[in-house]
Structure formats: structure tokens, C-alpha cells
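Letter by letter, the chains look like this.
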Amino acid sequence: NAGVTQTPKFRILKIGQSMTLQCTQDMNHNYMYWYRQDPGMGLKLIYYSVGAGITDKGEVPNGYNVSRSTTEDFPLRLELAAPSQTSVYFCASSRTDFFIEQYFGPGTRLTVT
Amino acid sequence: AQSVTQLDSHVSVSEGTPVLLRCNYSSSYSPSLFWYVQHPNKGLQLLLKYTSAATLVKGINGFEAEFKKSETSFHLTKPSAHMSDAAEYFCVVSQGAQKLVFGQGTRLTINP
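The following paragraphs examine the structure supplied in this document. (Residues numbered from 1 in each chain as written. Chains lettered and ligands numbered in written order. Predicted model: local features only at pLDDT ≥ 70, side-chain atom pairs only at ≥ 80, totals over all residues. Heavy atoms only, no water.)

### Points about the pairing of strand S9 (residues 87-94) of chain A
All names here are of chain A.
Item 1. Counting buried positions along S9 yields 8 of 8 residues, so the element is predominantly enclosed.
Item 2. Residue alternation in S9 divides its side chains into two sets, Ser87, Tyr89, Cys91 and Ser93 and Val88, Phe90, Ala92 and Ser94, and both sets are buried.
Item 3. Bridge count for strand S4 (residues 31-37) against S9 is 7 bridges, and the pairing is antiparallel. Note on S9: the bridge partner recorded for tryptophan 34 is cysteine 91.
Item 4. Inspection of the sheet shows S9 paired to strand S11 (residues 108-112) by 3 bridges, in the antiparallel sense. Residue pairing across strands places valine 88 opposite arginine 109, the latter belonging to S11.
Item 5. Where S9 meets strand S10 (residues 103-104), 2 bridges bridge the pair, whose relative direction is antiparallel. Bridge pairing links alanine 92 to phenylalanine 104 in S10. (Buried < 20%, exposed > 50% of the residue type's maximum accessible area, 1.4 Å probe, protein only. Helix = DSSP H or I, 4+ residues; strand = E, 2+ residues; numbered from the N terminus. Pairing = 2+ DSSP bridges.)

### Details of the sheet that holds strand S3 (residues 19-25) of chain A
Residue and element names in this part refer to chain A.
Item 1. Spatially, 4 strands are ordered S1-S3-S8-S7 in an open sheet, and the strand pairing comes out antiparallel. What marks the edges here is a single partner per strand, and that holds for strand S1 (4-7) and strand S7 (64-66). Here the strands of the sheet are splayed against their neighbours by 20 degrees on average, with no regard to which way each runs.
Item 2. Where S7 and strand S8 (residues 76-78) come together, 3 bridges link them in antiparallel fashion. Pairing of asparagine 65 across the sheet is with arginine 77, part of S8. (Axes fitted to C-alpha atoms, helices over the stretch in contact; angles between N-to-C directions.)

### Concerning the packing of aromatic side chains
Item 1. The final tally for this structure, using the stated rule, is 13 aromatic pairs over all chains.
Item 2. Ring centres 6.3 Å apart and planes at 35 degrees place the aromatic pair A:Tyr33 and A:Tyr35 in the tilted group.
Item 3. Relative to B:Tyr36, the ring of A:Phe104 has its centre 5.6 Å away and its plane inclined at 80 degrees; by these criteria the two rings are edge-to-face. Of this pair, A:Phe104 sits in strand S10 while B:Tyr36 sits in strand S5 (residues 33-38), placing the two residues on different chains.
Item 4. Here A:Phe104 falls in the buried class, since its relative accessible area comes to 11%.
Item 5. Between the NZ or CZ atom of A:Arg68 and the centre of the ring of A:Phe74, over which it lies, the distance is 6.0 Å. (Phe/Tyr/Trp six-rings, centres within 6.5 Å; stacked < 30°, edge-to-face > 60°. Lys NZ or Arg CZ within 6 Å of the ring centre and 35° of its normal.)

Written as C-alpha cells, this is what we have:
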């Protein structure tokens, strides 16, 4: 049982490039989330999904897109990367909703220069 | 709107001494509160949670937290610090469905 896995661990992008951050969970959780963590700050929710085919915006969705075609996978797409998107990105999952434990992946450190 | 304030950005204690990490929250209704721990280069792990049952909540690794409604606080404590406790700790409040609000984090350093 690997839990929540994320790839890549690190990435450097040039301004205007695009990339997809991968997230997979093997716990059969319905809910999945993407957060970003800026230095010295708590996590902020980018997007979340309550099940395959259903996604919704969080607090800071601008510049990102998501899809959820399977229960296991929840990729995050960055289009036209900007320096403001330099951050650490965490994927998480939970069995039902936000009130119970969320399981986090190890994170992806992204730098946009 | 819900908010959470962690009163110390950095706490340093000696091994074997007590740990106190402070958290105040604001909420328009009875909140659910959590403490998460993040070890270097790792994802977050749930330490404990309060969901309107007992006000003293016990978590993993000897940590506990007390919900005090009158003080709007949810401080995290541990009687005796261990070197492995060195990490970043986040106080989190739920804001209804589909929303967690994270504090800024407290970095805990343990001195030998």
C-alpha cells in the first residue's frame, strides 16, 4: 500500500512552459485535493475532486486545471507557467470529505524562472 | 469566515523538556480542528483531531491538544520532547464542507 504518490519530486520550468503534476492514490479514496505551500505559509487549496468525473475550484485555482478520469489519479496541469507558481505542491486524498483525515503525498517542488 | 493563527513561527526546546505549540482559531460555529506534522521533505501527517467529542484529544507519538472554546484555542502539547519531534506543525480548522484553513506553521527544533 503506497498511499499517495506524486511525480516528479522536483522540476524547474521556464516562464510560459506547461507541465502536468501527477498524483495517484491506492486507497480507493473518493476525495482528492491539490494544495500549494508557499514559503512560511500554510497550505492553500487549488482544486479538489469528490469522485471520478467531478472536480471543483478551491481557494487559488487560477493558472491551473485538473481532471479526474479514474478514482486513483488526479493530475494537476499548469498552463503558461509564471514565477508566482513557484511553490511546493501537495496532493492529498481522503475517504469521504474534509472532516476526516487527509493523506498527503510527499510533494513536488516547482520552480518557475 | 474561519481563520487560524499559530502564535509562534519557531519554537526551540531541549530534548526531554515539555513542548507547547500554540494555536488560536476563529469560527462562526463549532469547528473541527486538526494538528498535522510535516517532517523535512515529507508530506503532512495527521497528529490528532477534535470533532466536538472530548475536549482533550490524544494523538500519535505522545502529543495531545485541548480544545478551549472560551479561549478559542487548540494548543498542542507533549510532556517530553524527542529528537524525532523536530518538524513543522500545522494547526488546521475546517470551514464547512470542502474547505480546510491552515495556519502558517510552527517549526519545532529540539536541542540535544
